[in-house]
Amino acid sequence: RKEVEQDPGPFNVPEGATVAFNCTYSNSASQSFFWYRQDCRKEPKLLMSVYSSGNEDGRFTAQLNRASQYISLLIRDSKLSDSATYLCVVSLGGYSTLTFGKGTMLLVSP
Amino acid sequence: EAQVTQNPRYLITVTGKKLTVTCSQNMNHEYMSWYRQDPGLGLRQIYYSMNVEVTDKGDVPEGYKVSRKEKRNFPLILESPSPNQTSLYFCASRGHNSPLHFGNGTRLTVT
């Protein structure tokens, strides 16, 4: 089993749609979780950290399910500008190496 | 402004000609790292450094060298570049238990 797995997509959705991505991780000792966004040929940028109790930032909601070892990202009311690749990142915490998923591509169309 | 700066943004070179990609951060982060990104393979870690004079291999260190003589700088050195090192490279840094901050990338082509 790969350390961090994501559905590569692409997910094609119309503007205004709600879309959700999941990311599974293999190491049950993982402590830190993040979602990054990457636009084509640009650097990944932090979208949000994922907390145990779940957290929300505007139209974005992140959840952690430790029992099933996955994190999720929900995007409500999709905008054209949400089109990007979303990377799941997992770490054992502290200065441990961060492990990246290969990303899920989202395409939002008019 | 807090940032990670890497240079150059674009580099075209020939096989065997030594090159260095610089990386500097102004956030006083202990941890710095280099990644390469290739289609279908995602981000792969080349080398990382936990502090000055402390460096470790990542997943794909072959053909690369790094040094960490100062906290803010973490250059990536290709002593004898080969075409399979053509890639998009990112430098990144972070503080303890915090997310990575990435530089804006170096697109390297080795012919």
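Bear in mind that the values here come from a model prediction, so they are computed numbers and not experimental data. (Residues numbered from 1 in each chain as written. Chains lettered and ligands numbered in written order. Predicted model: local features only at pLDDT ≥ 70, side-chain atom pairs only at ≥ 80, totals over all residues. Heavy atoms only, no water.)

Colleague: Describe the interface of chain B and chain A, listing the residues and the values that go with them.
Modeller: Facing the 24 residues of chain B at the interface are 18 residues of chain A. Taken together, both faces of the contact between chain B and chain A bury some 1800 Å²; the carbon and sulfur share is 57%. Of all residues in chain B, Arg94(B), Pro99(B) and Phe102(B) bury the most surface against chain A, accounting for 25% of the area lost on that side. Our enumeration of links across chain B and chain A arrives at zero salt bridges. Our enumeration of links across chain B and chain A arrives at three residue pairs in polar contact (both at pLDDT 80 or more). Put simply, the parts of the chain that give the side of chain B that touches chain A at least two residues each are β4 (31-38), β5 (42-51) and β9 (87-94) of chain B. The biggest single contributor to the side of chain B that touches chain A is β5(B), with five residues. For the side of chain B that touches chain A, a count of residues per class yields 11 nonpolar, 10 polar and three charged. (Contact = heavy atoms within 4.5 Å. Buried area = accessible area lost by both parts, 1.4 Å probe. Salt bridge = Lys/Arg side-chain N within 4 Å of Asp/Glu carboxyl O. Polar contact = N/O pair within 3.5 Å; in protein donor to acceptor, adjacent residues only side chain to side chain. Helix = DSSP H or I, 4+ residues; strand = E, 2+ residues; numbered from the N terminus. Nonpolar A, V, L, I, M, F, W, Y, C, P; charged D, E, K, R; others polar.)

Colleague: Hey, could you go over the environment of Ser78(A) for me, with residue numbers and the actual values?
Modeller: All names here are of chain A. Along the chain, the position of Ser 78 falls in the loop between β8 (70-75) and β9 (84-91). Counting along the chain gives 30 residues from Ser 78 to Val 108, while the straight-line C-alpha distance between them is 6.9 Å. In contact with Ser 78, other than residues within four places in its own chain, are Val 13, Pro 14, Glu 15, Gly 16, Ala 17, Val 19, Arg 59 and Val 108. Within polar-contact distance, the side chain of Ser 78 engages the backbone oxygen of Ala 17 at 2.8 Å.

Colleague: For the nonpolar core, give the residues involved together with the corresponding values.
Modeller: It is characteristic of soluble globular proteins that their nonpolar side chains tend to be buried jointly. If you look at the biggest cluster of nonpolar residues, it comprises 23 residues, and the most contacted ones within it are Phe21(A), Trp35(A), Ile71(A), Leu73(A), Ile75(A), Tyr86(A) and Leu106(A). Looking at this core, the elements with two or more residues in it are β3 (19-25), β4 (32-38), β7 (60-65), β8, β9 and β11 (104-109) of chain A. Listed in part, the 19 residues of the second largest apolar core include Val4(B), Leu19(B), Val60(B) and Cys91(B). (Core = buried A, V, L, I, M, F, W, Y, C linked by side-chain atoms within 4.5 Å. Buried < 20%, exposed > 50% of the residue type's maximum accessible area, 1.4 Å probe, protein only.)

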